[in-house]
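Examining the three-dimensional arrangement
The lines below spell out each chain.
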Amino acid sequence: MQWGQLKSLTYQLMDSTCNLIIDSLKEEPIGETDHFIWFLTDIGIVALFKREDNFETYSSNVKIEANKIALDITKEEKEYLKIKEKQLFLFYS
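Basis of the calculations
Counting of residues starts from 1 at the beginning of each chain's written sequence and follows it residue by residue. Owing to the predicted nature of the model, reporting of local features is limited to residues with pLDDT of at least 70; listing and counting of side-chain atom pairs is limited to 80 or more, with chain, interface and lining totals taken over all residues. The basis for the side-chain values is all heavy atoms of the structure; hydrogens and waters are excluded. Numbering goes from the N terminus for both helices and strands, where a helix is a DSSP run of H or I of at least four residues and a strand is a run of E of at least two. Each residue is assigned to one of three classes by its accessible area relative to the maximum for its type, calculated with a 1.4 Å probe on protein chains only: buried under 20%, partly exposed between the two thresholds, exposed over 50%. Polar contacts, as used here, are pairs of N or O atoms within 3.5 Å; protein pairs need one atom able to donate a hydrogen and one able to accept it. Residues neighboring in sequence count only if both atoms are side-chain atoms. Should any heavy atoms of two residues lie within 4.5 Å, those residues are counted as being in contact. We call a set of buried Ala, Val, Leu, Ile, Met, Phe, Trp, Tyr and Cys residues a nonpolar core when their side-chain atoms join them within 4.5 Å.

**Section: the side chain of Thr41**
Following the sequence through the fold, Thr41 ends up in the loop between strand S2 (36-40) and strand S3 (45-49). Overall, the relative accessible area of 11% leaves Thr41 in the buried class. A polar atom in the side chain of Thr41 sits 3.1 Å from the backbone nitrogen of Ile43. At a separation of 2.7 Å, a polar atom in the side chain of Thr41 contacts the main-chain carbonyl oxygen of Gly44. Not counting chain neighbours up to four residues away, the residues in contact with Thr41 comprise Ser24, Val46 and Leu90.

**Brief notes about the nonpolar core**
In this structure, Phe36, Trp38, Ile45, Ala47, Phe49, Tyr58, Val62, Ala66, Leu71, Ile73, Phe89 and Phe91 together form the largest nonpolar core, which totals 12 residues. Within the residue set of this core, elements represented by two or more residues are S2, S3, helix H2 (55-68) and strand S5 (86-92). Beyond its immediate chain neighbours, meaning those up to four positions away, Ile73 contacts Trp38, Ile45, Val62, Lys63, Ala66 and Phe91. Listed in part, the 11 residues of the second largest apolar core include Ile22, Leu25, Phe39 and Leu48.

Dropping the structure here:
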């Protein structure tokens, strides 16, 4: 596989992942906390930022707030994503 093909495949995978996440945000949330609206997706759990505040505030509060709605995300991988002007954390195994 050549670099151009690999790069194209990577973008296609990212687009489909982003589309899955965006589609999941149209569903009923599984909970809401001070800084996040929580959604279940086919890939994992999404913590959607409610406002555009300081990133460090969100990052330091996400595990505490997950615990408030009975989500154990301590063993999950965490990724920060910005998709179509929406900021979120994606938690997955």
